[in-house]
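Remarks on the overall topology
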Amino acid sequence: MGGLIEADYVVIGAGAMGLAFTDEILTRTDASVAILDRRARPGGHWNDAYPFVRLHQPSHFYGVNSQKLGTDAIDRTGWNAGLAELASGTEVCAYYDQLMNRRFLPSGRVAFHPSTSWDGERAVSTPSGRVFEVHARRAIVDAAYMKVSVPSTHPPRYAVEDGVRVVPPNALPKEDRPADGYTIIGAGKTAFDAILWLLANHVDPAEITWIVPRDSWLINRAVAQPGDGFRVGEQVGLLAEAASAHDALLRLEAAGQLLRIDPRVEPSMYRCATVSEPELEQLRRIEQVVRMGRVARVTQSGLELDGGVLEQGPNVLYVDCTADGLERRPVVPVFAERRITLQTVRGCQQVFSAALLGMIETLAAPVDEKNALAGVIPHPDATRDYFSNTLEHMKNMVQWSQHPEIGPWLAASRLSPGGGPDSEGPDPAKALRAAANLQQFLEDWKD
């Protein structure tokens, strides 16, 4: 038996981006929204994350514009002490559950269809197998295009010999068999969290081996705080004075804007990973850091990597942290006839981007004008992407700040870092020099 799902907007995905977009539609219009998600509750990948996960950015900048996440408290303990609170995964899931049940559904304009898959044309209820035709009067909104993934939902990308203990971070708190050591595979945010969890639970750093295929430039969380603590704009002046890309990175590091784990190693990766300086000190306690490329195979005797073989004991627990949480996706136009594809328009700020795109959708403007305001900034991967992301962000900000409706929206938006009503933009002359330098650095870049 079939059925019909019909609304002005049909949003595919009840994750962070889909909900931030929907929130703007509810706030600014009288439109109806149907939300489909294959999971049983809202929150997207947060439902699959490891139990000790926390936001890497302040709670203040996360969620939806209409509802604050957290209390704007300052953490008093731990490795984030003195900085704005970081919501736990449990808090984020509860936040989205409350958002759905206390704001969206009571509005009478939102219908939520959990445990429902989407094949591009029709929706299927997983528990019943019932098939639904879908009709969006205004647009289908693809809020799952960015494909956020976590290790618990994806098998390792390398071969694993039978009998070897390879687990996602989700399994760490459940492990009741002592290991002779831990090997963390991966060099991103998930690996940081796994190592910090082990250290916090009294594992000796000497018992941890860290497989680092590429070192990364990291964002210093201390300069990305709410209100006056948001000092990322200082990068404009540093970029304006830099003589080369390498010089720019050293200036940014000296100013405490960017960090790296090992000062002796030139990072080749930039993926917006954010850490506090105390967290960085903890990560630096790991001395067994293996830089031999990616893992090809895990065997009973050790690891086969791109650059050779690493022998390990038979009772090592391997922790897989290699899922591509911020996959680099092909750029497509955000706005098309009866279709919207949510993507980032401010580097590494997915929820802000989705909220802004929701706002842009409500403008009385043709599709081409909306796309002109929605310059997509792909997720970064390599160091070069720091420069291209920054340049594209500066171009977008010029357009947004000059727009008669977007400018005031930015000033009032809770999700807009550094975008409060009293915020001041960078010095125009420095901004012009910085933009020119960024363009030159990109032209001169040699991989």
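So, here's what we can say about the structure. Every value quoted in this text rests on a predicted model; they were computed, and no experiment measured them.

1. Remarks on the overall build of the protein chain
A count of helical and extended segments in the protein chain gives eleven helices and 20 strands. The C-alpha radius of gyration of the protein chain comes to 23 Å, within 12% of the 22 Å expected for a compact globule of 447 residues. Expressed as lengths along the three principal axes of its C-alpha atoms, the size of the protein chain is roughly 65 × 60 × 40 Å. When the 447 residues of the protein chain are sorted by exposure, 53% land in the buried category. The long-range share in the protein chain, meaning contacts at least 24 apart out of those at least 6 apart in sequence, stands at 73%. Of the accessible surface of the protein chain, which amounts to about 19,800 Å², a share of 50% is contributed by carbon and sulfur atoms.

2. Quick look at the state of the cysteines
Under the criterion given, the structure shown has one disulfide. Covalently, Cys272 is tied to Cys348 through a disulfide, its sulfur atoms 1.5 Å apart. Note on the Cys272 and Cys348 pair: the S-S dihedral is about 55 degrees, so by sign convention the disulfide is right-handed. Placement of the pair is Cys272 in strand β13 (residues 269-275) and Cys348 in the loop between β20 (339-341) and α7 (350-361), with a sequence separation of 76 residues. Side by side, Cys272 and Cys348 carry an identical accessibility label, which is buried. With no disulfide partner, Cys93 has as its closest neighbouring cysteine sulfur the one in Cys321, 19 Å distant.

3. Structural notes on helix α11 (residues 428-444)
Since there are 3.6 residues in each turn of an α-helix, residues three or four apart along the chain are aligned in direction. Under the 1.5 Å per step criterion, the end-to-end length of α11 is 24 Å for 17 residues, consistent within 8% with the ideal 24 Å. When we look at burial in α11, the residues that qualify are Ala431, Ala434, Asn437, Leu438, Phe441 and Leu442. On an axial view of α11, the arc spanned by its buried residues comes to 135 degrees, and they lie on one face. Away from the buried face of α11 by more than 90 degrees, exposed residues Pro428, Leu432 and Glu443 are located.

4. Considerations on the packing of aromatic side chains
For any two aromatic rings, the description comes down to two numbers: the centre-to-centre distance and the angle of the planes. One pass over the structure, following the stated rule, counts 13 aromatic pairs. With centroids separated by 6.0 Å and ring planes inclined at 85 degrees, the aromatic side chains of Phe192 and Trp210 adopt a geometry described as edge-to-face. Separated by 18 residues along the polypeptide, Phe192 in helix α3 (residues 189-200) and Trp210 in strand β10 (residues 208-211) bring together distant segments of the chain. Given the relative accessible area of 2%, Phe192 is considered buried.

5. Observations concerning the packing of helix α9 (residues 383-402) against α11
Put simply, α9 and α11 touch, their axes get as near as 9 Å, and they point 140 degrees apart. When the axes of α9 and α11 are compared, the pair comes out oblique. Judged by the sense of rotation from one axis to the other, the crossing of α9 with α11 is left-handed. Residue-level inspection shows Arg384, Phe387, Ser388, Thr390, Leu391, Met394 and Lys395 of α9 in contact with α11, the latter providing Ala431, Ala434, Ala435, Leu438, Gln439, Phe441 and Leu442. When the residues that make up the contact of α9 with α11 are grouped by side-chain class, the tally is nine nonpolar, three polar and two charged.

6. Focus on the sheet that holds strand β17 (residues 308-311)
Ordered by their spatial adjacency, four strands build an open sheet running β7-β15-β16-β17, and the pairing between neighbours is mixed. If you trace the sheet from one side to the other, it starts and ends with β7 (159-160) and β17, each paired once. Here strand β15 (residues 295-299) runs beside strand β16 (residues 302-305); their pairing, made up of four bridges, is antiparallel. Each residue of the ladder has a partner; that of Val298, found in β16, is Leu303.

7. Considering the nonpolar core
Counting residues in each nonpolar core, the largest one holds 89 residues, and the members touching the most others are Ile35, Tyr96, Ile184 and Trp210. Looking at this core element by element, the count peaks at eight residues for α7. Setting aside anything within four residues of it in sequence, one finds Ile184 in contact with Ala191, Ala194, Ile195, Leu198, Ile208, Thr209, Trp210, Ile211, Val319 and Cys321. If you look at the next biggest cluster of nonpolar residues, it comprises 23 residues, including Ala242, Leu249, Cys348 and Phe441.

8. Some remarks on the pattern of salt bridges
Counted under the stated rule, the structure contains 23 salt bridges. The partner of Arg264 in a salt bridge is Asp262, with the nearest N and O atoms 2.9 Å apart. A residue is classified by how much of its surface remains accessible, and Arg264, at 75% relative accessible area, is exposed. Assessed through its relative accessible area of 11%, Asp262 is described here as buried.

Procedures and definitions
Residues numbered from 1 in each chain as written. Predicted model: local features only at pLDDT ≥ 70, side-chain atom pairs only at ≥ 80, totals over all residues. Heavy atoms only, no water. Helix = DSSP H or I, 4+ residues; strand = E, 2+ residues; numbered from the N terminus. Rg over C-alpha atoms; globule rule 2.2 N^0.38 Å. Buried < 20%, exposed > 50% of the residue type's maximum accessible area, 1.4 Å probe, protein only. Contact = heavy atoms within 4.5 Å. Areas by Shrake-Rupley, 256 points an atom, 1.4 Å probe, with all protein chains shown as cover. Disulfide = S-S within 2.5 Å. Expected span 1.5 Å × (residues − 1). Arc of directions from axis to C-beta. Phe/Tyr/Trp six-rings, centres within 6.5 Å; stacked < 30°, edge-to-face > 60°. Axes fitted to C-alpha atoms, helices over the stretch in contact; angles between N-to-C directions. Parallel < 35°, antiparallel > 145°, perpendicular 65-115°, else oblique. Left-handed = near helix turned anticlockwise from the far one by under 90°. Nonpolar A, V, L, I, M, F, W, Y, C, P; charged D, E, K, R; others polar. Pairing = 2+ DSSP bridges. Core = buried A, V, L, I, M, F, W, Y, C linked by side-chain atoms within 4.5 Å. Salt bridge = Lys/Arg side-chain N within 4 Å of Asp/Glu carboxyl O.

None of the figures reported here should be taken as evidence of function without further support.
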